[in-house]
Every structure is written in C-alpha cells, then in structure tokens.
Amino acid sequence: MEMATPDVPLQSRVVDDKSPICIPFILSQLEAHRNGQHGATPRPFVIGLNGVQGVGKTTLVRALAETLQGREGLPTLVVSIDDFYLTHADQLALAAAHPDNALVQYRGEPGTHDIGLATSFLSAILAGQPTHVPQYDKAAFSGLGDRIPESQWPAVNQPGQKPIQVIILEGWCTGFRALPPSSVEVRWKAPARTLHQHTLDNLLFINERLRAYDALTDLFNAFIHVDAEDTEYVYAWRLQQESQLRRERGVGMTDEQVVKFVDAYYPAYELYSDGVREGIFPDRPGRQLRLVVGKDRSVQYKVVI
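Nothing here was measured: the structure is a model prediction, and the numbers come from that model.

K.L.:
Would you mind showing me how to read a nonpolar patch on the surface here?
P.N.:
Residues Tyr 106, Phe 141 and Leu 144 make up a contiguous nonpolar surface patch of about 340 Å² in total accessible area. Position of Tyr 106 among the secondary structure elements: in the loop between helix 4 (88-97) and helix 5 (115-126).

The following block contains the structure:
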C-alpha cells in the first residue's frame, strides 16, 4: 500500500512536475497492453517505478494513483518494495550468517527483501485473486523494523471490491538487475565513493542475491525511472530532509548520521544505476520512461528507452 516514508515532511513541499509527463506515457502503454489481450479480460497492468531517495517519489506515486483512479477510473494499488523486507527474525539471521558483510547487517540492500512473498503477492494480483497487501513497520524494534502481522494487512480483490487494474511497485532499488561478476569487479577497482568500503566478495554476495529480483522486474509492463543529473545529490537531499525534521519536530539525524545512512545504500547506486539508465527491457524497447532532475528536483529532460 502507499506508505509514508521518512522524507514526507519535505516531499509534501515538492512541486509535482513529473506526473504530467508520466500519465500520458502510462496511458499509452496501458492502451497497448489492453490491445494485446485479444478480447480476453485484461490482466492488471504493472508499473515499476524507481526514484533515487529524496527525489520526490512519494509525491509522484500519490499523484499517479490519484489520477489513474480518480480521473481514469482505474482501481490502482501502490505498493512499496519496502513492505517486502525480511521479518525482523529473518534479517537478524541473515546478518548473523554474514557478520563481516556490513551490507546485510540492516535492511535496505538487495538481499534483505522477501522476494518469494513479493512474487506470490503479485501473482495473486495478476490472477485477480483475493489477497492481502503485506505491510512493514520501520519503527518496530527501536527502528530495526519488522513485518506487520498478516491479520493487519489490507485486503484487496475481495468480493464487493473492484478488482485492481493497475499496480505500481515503487522503490529505490526497483528495476536493478545483477551484473556479471567481472563487471562488479571492474566497478570495485575503479574510482568510487563507497564501493571501496566493502570487500569484493561482499559486493558479489549482494549482486548474486539481486538475481532473484528479476522475478519481479520481468512482470513489469512499463517502467518509470526518476534519475538525477548527479546521483550524489541524494546526500544533499537527505541532509535537507533531516534538517527540516529537526526544525519541525525536534528530532532527526545529525549530518554525520545522514552520511552514514546514505553510504549504506550508495554501493547499489554505484553498481546498478547505469544499467537502469541503459534500459531494463532490452527486448522490449519503448516501455521505459526516464526523467532526469536537477538539484532542485525539477525535471530537466525525459527519454523513452
């Protein structure tokens, strides 16, 4: 389900110049999708959405869902890849099994999601079956997080409910695809901001875990990538957000904590962003929209890949 993230206070102030570009793209892709069903009951349309942290992703997905559901009359469900994080117990077990790998000590990087749960959920949605939407509580266990009990998950596609026709799966690592091990090594040996903080073996472990995510990515009918002219903007954006939190609520990460927080995610950006920019559908051209924003988060240009 659409879920508030830690950057909401600032993101609520971000002007949405992205959905007016995304909506026509989505509708054209949806029309082609339905035309390809040959008279059968259309299968739900799956949109993957990747946005670097702090870019205004929360604002965008809210606007997309409201427009698709309100103006176009399409029952739309927004889910976050964050809701498929491992349970607290499973995350602790993963960390304990790999004590020297800082990338899996906490949730976040590829390998810390329950891809089996995600694929079974999406399969039910695509089959039009009654199901429940997994939920994750990031505040549980003093911020370590845990999955909310299944009895509390929202129900969809139930009798009396309109069946979901559009699903948007959003997340900071949505659409990332694993690299050949040799390519990981090349990037690790090259100048980098955070890759050298980790051993090659630990990066290769994350890369291997990422291969399972193809089961999700291959279900996408269309993909939207909200990119930045410089990925390192994510540090400045997060600093800005936490400063806003400190002013408004009296709580928030220090500047040093922000850098450490973003550093935990940044290796995946350094490894996989170029692959997303080149296109995640090599055999399906025209299905991906890339928006590139400047430091002020406004769209500078767009590309259909």
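K.L.:
Would you mind going over the nonpolar core with me for this structure?
P.N.:
Across soluble globular proteins, nonpolar side chains have a tendency to be buried as a group. Core analysis: the largest hydrophobic core is formed by 84 residues, its most contacted members being Leu 64, Leu 77, Phe 121, Ile 168, Phe 176 and Ile 224. For Ile 168, the contacting residues outside a window of four places in its chain are Ile 47, Leu 49, Val 61, Leu 64, Leu 68, Thr 76, Leu 77, Val 78 and Val 79.

K.L.:
Would you mind going over the confidence of the model for the chain with me for this structure?
P.N.:
Interpreting fine coordinate detail is not advised for predicted regions of low pLDDT. Residues with a pLDDT of 70 or more make up 95% of the chain, whose mean pLDDT is 93. Segment residues 1-13: pLDDT under 50, and 41 contacts once partners within four positions in sequence are set aside and those in other chains are kept.

K.L.:
I'm lost on the packing of aromatic side chains in this one. Help?
P.N.:
Taken as a whole, this structure holds eleven aromatic pairs when the rule is applied. Both rings, one in Phe 84 and one in Phe 121, keep their centres 5.9 Å apart while their planes meet at 45°; by these two values the pair is tilted. Highlighted residues: Phe 84 in the loop between strand 2 (76-80) and helix 4 and Phe 121 in helix 5, separated in sequence by 37 residues. According to the relative accessible area criterion, Phe 121 is buried, its value standing at 3%. Their ring planes at 15° and their centres at 6.0 Å tell us that Phe 220 and Phe 223 sit as a pair that is stacked. Members of the aromatic cluster, each reached through a chain of ring pairs, are Trp 172, Phe 176, Tyr 235, Phe 261, Tyr 265, Tyr 266, Tyr 269 and Tyr 272. Its guanidinium or amino end placed over the ring of Tyr 235, Arg 193 lies 3.6 Å from that ring's centre, counting from NZ or CZ. Lying across the ring of Phe 281, Arg 284 places its NZ or CZ 4.3 Å from the centre.

K.L.:
What exactly am I supposed to notice about helix 2 (residues 19-35) here?
P.N.:
Turn by turn, an α-helix covers 3.6 residues, leaving residues three or four places apart pointing in a common direction. Over its 17 residues, helix 2 extends 24 Å from the first C-alpha to the last, a length consistent with the 24 Å expected when each residue adds 1.5 Å. Here helix 2 has its buried residues at Ser 19, Cys 22, Ile 23, Phe 25, Ile 26, Gln 29, Leu 30 and His 33. Those residues of helix 2 hidden inside the fold are in contact with strand 1 (45-51), helix 3 (57-71), strand 8 (222-228), strand 9 (288-293) and strand 10 (299-304).

Reading the values: rules and limits
- Residues numbered from 1 in each chain as written.
- Predicted model: local features only at pLDDT ≥ 70, side-chain atom pairs only at ≥ 80, totals over all residues.
- Heavy atoms only, no water.
- Patch = residues over 30% accessible without salt bridge, like charges linked within 9 Å, V, L, I, M, F, W, Y side chains within 5 Å.
- Areas by Shrake-Rupley, 256 points an atom, 1.4 Å probe, with all protein chains shown as cover.
- Salt bridge = Lys/Arg side-chain N within 4 Å of Asp/Glu carboxyl O.
- Helix = DSSP H or I, 4+ residues; strand = E, 2+ residues; numbered from the N terminus.
- Core = buried A, V, L, I, M, F, W, Y, C linked by side-chain atoms within 4.5 Å.
- Buried < 20%, exposed > 50% of the residue type's maximum accessible area, 1.4 Å probe, protein only.
- Contact = heavy atoms within 4.5 Å.
- pLDDT = per-residue confidence, 0-100.
- Phe/Tyr/Trp six-rings, centres within 6.5 Å; stacked < 30°, edge-to-face > 60°.
- Lys NZ or Arg CZ within 6 Å of the ring centre and 35° of its normal.
- Expected span 1.5 Å × (residues − 1).

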